Amino acid sequence: MDKKIKPTLYWSLLNFQDRNFYIASTSKGLVFVGSQNKPFAELFEWAKKRLPGSPLVEDDEKLEPYVVEITQYLEGKRNTFTVPFEYVGTQFQLAVWNALCDIPYGKTKSYSDIANDINKPTAVRAVGTAIGANPVLITVPCHRVIGKNGSLTGYRGGLEMKIMLLDLEKRASSSNES
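For clarity, every value in this text was computed on a predicted model and none was experimentally measured.

Draft legend 1. A look at the sheet that holds strand β4 (residues 56-58). Strand order in this open sheet of four strands is β3-β2-β1-β4, and the pairing throughout is mixed. In this open sheet, the two strands that pair with only one neighbour each are β3 (30-33) and β4. Between one strand and the next, the sheet's axes are offset by a mean angle of 30°, whatever the strand orientation. Inspection of the sheet shows strand β1 (residues 9-16) paired to strand β2 (residues 19-25) by seven bridges, in the antiparallel sense. In the sheet register, Ser12 faces β2, and the bridge partner there is Ile23. Along the sheet face, helix α2 (residues 60-74) touches β1, β2, β3 and β4 and points at about 35° away from the line of β1.

Right, dumping it as structure tokens:
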């Protein structure tokens, strides 16, 4: 009987100003950044669905590099991430999430732009579903995707968080240009 070893999920609670985010990694990299101020259940349910049977172990020290970079980003002092990621998703989702990482800091793209970027121009709805399934908020910048007409569309972290992240990038981009 083939028993696949389940990766340990290390987690920590990142506190930034009045916001809390549960984050998790495997030994290979960051796998989850939760919505702001959501309970631990959000991480628990994701782990149960995506990495069933993986033990959840609180380990602030192991997650410190991720906490540092995400905090620097939230302070407007970082616009790219150097920490490793381990994406847990389908091949299509991975293609979409990689395309999100190519959106420059402070810029936005539409769902159809992303569909075109991955050479699936008719898969706009599927692209939207894949973006909604992005488990690593902030670091895989799904907040940079907006409606074709410029409207702010759904976001797993909530529209308030999406607006906050876009405003942060806009302010940091304009202050870097001056």
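Draft legend 2. Spotlight on the layout of surface pockets. In this model, the second largest pocket occupies a volume close to 170 Å³. In terms of lining residues, the second largest pocket is bounded by 13 residues, among which Asn79, Thr80, Phe81, Cys101 and Thr139 are the most central. For the lining of the second largest pocket, a count of residues per class yields nine nonpolar, three polar and one charged.

Draft legend 3. Local environment of the pairing of β1. Across the eight residues of β1, six count as buried, placing the element largely inside the fold. Pairing of β1 with β4 involves three bridges; the strand directions are parallel. Following the sheet pairing, Trp11 is matched in β4 by Glu58. Joining the antiparallel neighbours β1 and β2 is a turn of two residues, in which Gln17 adopts a positive phi near 50°.

Draft legend 4. Summary view of the packing of aromatic side chains. Applying the stated criterion across every chain yields a total of eight aromatic pairs. Aromatic pair Tyr22 and Phe40: ring centres 5.4 Å apart, planes at 75°, arrangement edge-to-face. Linking Tyr22 in strand β2 with Phe40 in helix α1 (residues 40-50), this pair joins segments that are 18 residues apart in sequence. Ring geometry for Phe32 and Trp46: centres 5.3 Å apart, planes at 40°, overall tilted. Here Phe32 is found in strand β3, whereas its partner Trp46 is found in helix α1, with 14 residues between them in sequence. Cluster of aromatic residues (ring-pair linked, three or more members): Trp11, Tyr22 and Phe40.

Draft legend 5. Expanded view of the pattern of salt bridges. Tallied over the entire structure, the rule returns seven salt bridges. The closest approach of N and O atoms between Glu169 and Arg144, which form a salt bridge, is 2.9 Å. Of the two residues, Glu169 sits in helix α6 (residues 159-177) while Arg144 sits in the loop between α5 (124-132) and β6 (145-146), which places them 25 residues apart along the sequence.

Reading guide: rules and limits
Residues numbered from 1 in each chain as written. Predicted model: local features only at pLDDT ≥ 70, side-chain atom pairs only at ≥ 80, totals over all residues. Heavy atoms only, no water. Pairing = 2+ DSSP bridges. Helix = DSSP H or I, 4+ residues; strand = E, 2+ residues; numbered from the N terminus. Axes fitted to C-alpha atoms, helices over the stretch in contact; angles between N-to-C directions. Contact = heavy atoms within 4.5 Å. 1 Å grid on protein atoms, 1.4 Å probe; cavity = no way out; pocket = protein on both sides within 12 Å on 5 of 7 lines; lining within 4 Å. Points joined across faces, edges and corners; volume = space filled by probe spheres on them. Nonpolar A, V, L, I, M, F, W, Y, C, P; charged D, E, K, R; others polar. Buried < 20%, exposed > 50% of the residue type's maximum accessible area, 1.4 Å probe, protein only. Phe/Tyr/Trp six-rings, centres within 6.5 Å; stacked < 30°, edge-to-face > 60°. Salt bridge = Lys/Arg side-chain N within 4 Å of Asp/Glu carboxyl O.

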